[in-house]
Amino acid sequence: MVFLHKIFQMKVTKIACIGAGYVGGPTMAVIAQKNPGIQVTVVDLNEQRIANWNHEDLSKLPIYEPGLAEVVAEARGRNLFFSTDINKAIVEAELIFISVNTPTKTYGKGKGMAADLKYIELCARQIAETATTNKIVVEKSTLPVRTAEAIKNILENNSNNLQFQILSNPEFLAEGTAVADLQNPDRVLIGGETTPEGQEAIEALVQIYNSWIPRERILTTNLWSSELSKLTANAFLAQRVSSINAMSELCEVTGANVQEVASAIGMDSRIGNKFLKASVGFGGSCFQKDILNLVYIAKSYGLNEVADYWEQVIILNDHQKKRFAENIIKTLYNTVSGKKITVLGWAFKKDTNDTRESAAIYVTSALMEENASIHVFDPKVEKHQIIGDLEYLNVHTSEEINQFLSIENDPYTACKNAHAIAILTEWDEFKTYDWQKIYDNMMKPAFIFDGRDILDVNKMREIGFVVYSIGKSV
Ligand code: UDX
Ligand code: ADP
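Residues numbered from 1 in each chain as written. Chains lettered and ligands numbered in written order. Predicted model: local features only at pLDDT ≥ 70, side-chain atom pairs only at ≥ 80, totals over all residues.

Caption draft 1: Structural detail: the sheet that holds strand β13 (residues 447-450). Spatial ordering of the open sheet is given by β11-β10-β9-β12-β13-β14, a layout of 6 strands whose pairing is parallel. Edge positions in the sheet fall to β11 (405-407) and β14 (466-469), since each of these pairs with one other strand and no more. When the angles between neighbouring strand axes are averaged without regard to direction, this sheet yields 20°. Relative to β13, strand β12 (residues 420-423) is paired through 4 bridges, and the arrangement is parallel. By the bridge assignment, Ile423 is partnered in β13 with Asp450. (Pairing = 2+ DSSP bridges. Helix = DSSP H or I, 4+ residues; strand = E, 2+ residues; numbered from the N terminus. Axes fitted to C-alpha atoms, helices over the stretch in contact; angles between N-to-C directions.)

What follows is the structure in structure tokens.
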């Protein structure tokens, strides 16, 4: 109980969050909005990112999320601060969230599978070296199960007799609906040690969330259950998408309609109707990374059947992206060389400017390999991001990217004289375009490949398009 008396007799008054990304930024903005009495400081190494979070013009925030600018406008300067002074924030805070990136390893043991924990470790070392008082350290980033143990070791072996309580508080927000998810979450999960000190630390974090979330929706567990629950939730969600995508291929060859199948099974309350939209494949920073991580963990315990089971979710997702691109090539008389193909949508889903692991990157790359001339339009993703994504893929030279890729600012120009259009993100505005006008200005036959099932196929066929829509027969 010594620990308890040292720091937990007071309420948390100052929070630091290391990492001002897609998770840290919106999460801290909402925590600050709902706790005006707590000072929340979000820090990052990336100066440009912090400058954008502090930008007077709210349209320049580094992340696009519906409703986020309003939350930032309310709290910023009052009790929400963005800074590059990481040490100052660490010293001041009683509670520190770690919200840095944990990408898949690109080198060494576990390459291509395991999560790269180097950024987490750097944070832990910096906290240990800088802190002058005991701290509660909260894992916000998604981590392999038992990482809390490693963090605690690093902290306690590198600091001057300080004590740390590690909590796991995984974030379940989905991009595009981050603010709504944070303001009204299904549940908040907090894992901690089962010791009295651990329970005190849990309670301190519960208080922060409880200022707007009913206590019964705040679930507390042991550390390992919390860490593993996050990986499990993402694995189940991704599995649902791969399951319906597997059915989409079967629908296309049998004449069934995947939307009708999804509605029929979704009415079964045991299955539920959410997350059953067939698509060109899931993307985003979490699903693939977390499943690979899960597969790696299972393998490292010798659980090969478990590992193979989950790996199949990724294999099916890769297949879905590949077959979509191959279908375009096959349908365009087996050659797309020199043909203009318009890609509508680059983000991994609508209402976000995030493009990590977006299906658009892989479909475009496959078409570029066949020398197609790709013209991309996305309402929120900037040119440098699209080019950066293709460079990062490391498949095409800069010359090839220059030669085969054009980024457009206007959808009608993007589609003009195109041989085919591929819809790869489900942006709402795509449904309201003047499709007659687009058809009139395209090469004929005018092909459209709807990778998100958002267009009215009959209406498009009436206009004259040759339509391929995921999960529907031609
Ligand atoms: C996901 C989890 O939903 C969230 O709880 C976790 O915190 C982070 O990972 P996110 O990746 O932001 O969130 O978005 P999500 O809505 O889950 O979509 C992931 C991908 O699956 C997107 O590419 C989306 O288009 C695709 N998807 C989703 C489908 O193709 N069909 C669906 O029915 C649902
Ligand atoms: P996520 O989607 O998990 O939020 P992001 O990549 O959007 O991931 O954000 C993670 C942020 O963490 C980045 O802005 C990165 O600069 C920051 N970051 C990584 N390591 C550190 C560190 N040691 N100190 C401070 N910030 C860091």
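The discussion continues.
Caption draft 2: Quick peek at the pairing of strand β7 (residues 188-192). For β7, a buried count of 5 out of 5 residues is recorded, marking the element as mostly surrounded by other parts of the structure. Going residue by residue along β7, you find Val188, Ile190 and Gly192 tucked away on one face and Leu189 and Gly191 tucked away on the opposite face as well. As paired strands, β7 and strand β8 (residues 218-222) are joined by 5 bridges and run parallel to one another. Within the sheet, the bridge partner assigned to Val188 lies in β8 and is Ile218. Regarding topology, helix α9 (residues 196-210) serves as the crossover connection from β7 to the parallel β8, and that connection is right-handed. (Buried ≥ 20, exposed ≤ 12 C-beta atoms within 10 Å, placed from the backbone. Right-handed = clockwise from strand over helix to strand, strands pointing away.)

Caption draft 3: Here's a closer look at the site of ligand 1. Of all residues adjacent to ligand 1, which total 19 residues, the nearest are Lys277, Ser279, Phe282, Gly284 and Cys286. Ranked by residue count, the leading element in the shell around ligand 1 is helix α10 (residues 223-254), at 3 residues. (Near = placed C-beta within 6 Å.)

Caption draft 4: Spotlight on the environment of Val253. Position of Val253 relative to the elements: it lies in helix α10. We classify Val253 as exposed; it has 8 C-beta atoms within 10 Å.

Caption draft 5: Quick peek at the site of ligand 2. By nearness alone, 20 residues border ligand 2, and Gly19, Gly21, Tyr22, Val23 and Val100 come closest of all. For the shell around ligand 2, the per-class residue count stands at 10 nonpolar, 8 polar and 2 charged. (Nonpolar A, V, L, I, M, F, W, Y, C, P; charged D, E, K, R; others polar.)

Caption draft 6: Molecular detail of the environment of Thr130. Position of Thr130 among the secondary structure elements: in helix α6 (residues 118-130). By C-beta crowding, Thr130 is classed as partly exposed, having 14 other C-beta atoms within 10 Å.

Caption draft 7: Structural context of α6. With 13 residues, α6 ought to run about 18 Å at 1.5 Å a step, and its terminal C-alpha atoms sit 18 Å apart, in line with that. Regarding α6, the residues found buried are Ile120, Cys123, Ala124, Ile127 and Ala128. Angular distribution of buried residues about the axis of α6 spans 135°; they occupy a single face of the element. In the core, the buried residues of α6 are packed alongside β1 (14-18), α5 (86-92), β4 (95-98), β5 (135-139) and α7 (147-158). (Expected span 1.5 Å × (residues − 1). Arc of directions from axis to C-beta. Contact = placed C-beta atoms within 7 Å.)

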